[in-house]
Amino acid sequence: MGQLFAKKHKAEPPPNVDQDDMALLDLKTHRDKLQQSSRKLEQRASKSHEVARTLVAEGKKTQAMLALRRWEQQKRLGEDCQNHIARLQELIASIEMAQLTKGTVDALKTGVAMMKRIQQDIGGVDQVQRLLGEQEEVQEAQQEIAAMLAGEGGVEDAEMLSEFSRLQEEAALSTLTKADAEAPATTETLAPDTVPVEETPQPVSEDKVELVEKATAATPALVPA
């Protein structure tokens, strides 16, 4: 029994909805109710007007005047509802615009705070200038190292070229030596059509013969012991 007559607690809004959203929702709910009331008043006014027209046609003036009085009241109530609806609609539009503005301002605050944190992490202008200076120093040092390495590479290239020239000279000398060694064998490898010409012995003069005989007579004979 206690549970049956227990007082119902008002439903709490969802955790993601704040008080402003709930207030805006209440305004829209009240606007919708006024719109429903306005439609009902329009229907009643239209009905009262039809009744008054019928009574006038029947010649019942007093009853027709009462019907017209009800029509006039319902018509005024409908106009009042329309005025209230217009005011609420204007208020709702203003609140929604204010919420959009608030969201924009909150986003700007968040962005500015983030920029401040990022700039604090960077360290300011002095930190950036110091880093740029260190970068230039590191690049200069790297260029010096690269220049030194390039210089050593040039020495090695010169040594390799010198060794290459020496090897060329050895190869040329070996080729010449091999050509000299194979030179006597060239007469044997002549073509079949090529026939060597025999030289004709020249006659020996008498003077040369006498000189040879005198030299032979003057040489002592070898006598075995």
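Residues numbered from 1 in each chain as written. Predicted model: local features only at pLDDT ≥ 70, side-chain atom pairs only at ≥ 80, totals over all residues. Heavy atoms only, no water.

- As recorded in an unreviewed UniProt entry, the protein chain goes by the name Charged multivesicular body protein 6, listed as coming from Cladocopium goreaui.
- Regarding the protein chain, the UniProt comment filed under Sequence similarities (unreviewed entry) reads as follows: "Belongs to the SNF7 family." (UniProt positions renumbered as here; feature names shortened; annotations may be inferred.)

### Some thoughts on the overall build of the protein chain
Then, number 1: Secondary structure assignment for the protein chain yields 4 helices and 0 strands.
Then, number 2: Each helix and strand of the protein chain, placed in order from N terminus to C terminus, yields the pattern α-α-α-α.
Then, number 3: The 225 residues of the protein chain split such that 8% are buried.
Then, number 4: Nonlocal contacts in the protein chain, meaning residues at least 24 apart in sequence, comprise 73% of its contacts between residues at least 6 apart.
Then, number 5: A total accessible area of about 20200 Å² is found for the protein chain, and carbon and sulfur atoms account for 59% of it. (Helix = DSSP H or I, 4+ residues; strand = E, 2+ residues; numbered from the N terminus. Buried < 20%, exposed > 50% of the residue type's maximum accessible area, 1.4 Å probe, protein only. Contact = heavy atoms within 4.5 Å. Areas by Shrake-Rupley, 256 points an atom, 1.4 Å probe, with all protein chains shown as cover.)

### Digging into helix H2 (residues 61-122)
Then, number 1: Between its first and last C-alpha atoms H2 spans 91 Å; for 62 residues at 1.5 Å apiece the expected length is 92 Å, and the two agree.
Then, number 2: Within the sequence span of H2, burial applies to Ala 64, Ala 67, Gln 74, Gly 78, Cys 81, Ile 85, Leu 88 and Ile 92.
Then, number 3: Where H2 ends, the next residue or the one after it, Gly 123, has phi of about 105 degrees, a positive value. (Expected span 1.5 Å × (residues − 1).)

### A look at the packing of helix H1 (residues 19-58) against H2
Then, number 1: At a minimum axis separation of 7 Å, H1 and H2 run at an interaxial angle of 160 degrees. Between H1 and H2, the angle is such that the two are roughly antiparallel. In this structure, the crossing between H1 and H2 has a hand that is left-handed.
Then, number 2: The residue inventory of the contact of H1 with H2, partitioned by class, reads 20 nonpolar, 13 polar and 9 charged. (Axes fitted to C-alpha atoms, helices over the stretch in contact; angles between N-to-C directions. Parallel < 35°, antiparallel > 145°, perpendicular 65-115°, else oblique. Left-handed = near helix turned anticlockwise from the far one by under 90°. Nonpolar A, V, L, I, M, F, W, Y, C, P; charged D, E, K, R; others polar.)

### Things to note about the side chain of Ser 48
Then, number 1: Within the secondary structure, Ser 48 sits in helix H1.
Then, number 2: Ser 48 has contacts with Ala 67, Arg 70, Trp 71 and Gln 74, leaving out every residue within four places of it along the chain.

### What to know about a negative patch on the surface
Then, number 1: Taken together, the side chains of Glu 136, Glu 137, Glu 140 and Glu 144 make up a negatively charged region of the molecular surface.
Then, number 2: Among the structural elements, Glu 140 can be located in helix H3 (residues 124-182). (Patch = residues over 30% accessible without salt bridge, like charges linked within 9 Å, V, L, I, M, F, W, Y side chains within 5 Å. Salt bridge = Lys/Arg side-chain N within 4 Å of Asp/Glu carboxyl O. Lys, Arg positive; Asp, Glu negative; His and termini not counted. Charge placed at Lys NZ, Arg CZ, Asp CG, Glu CD.)

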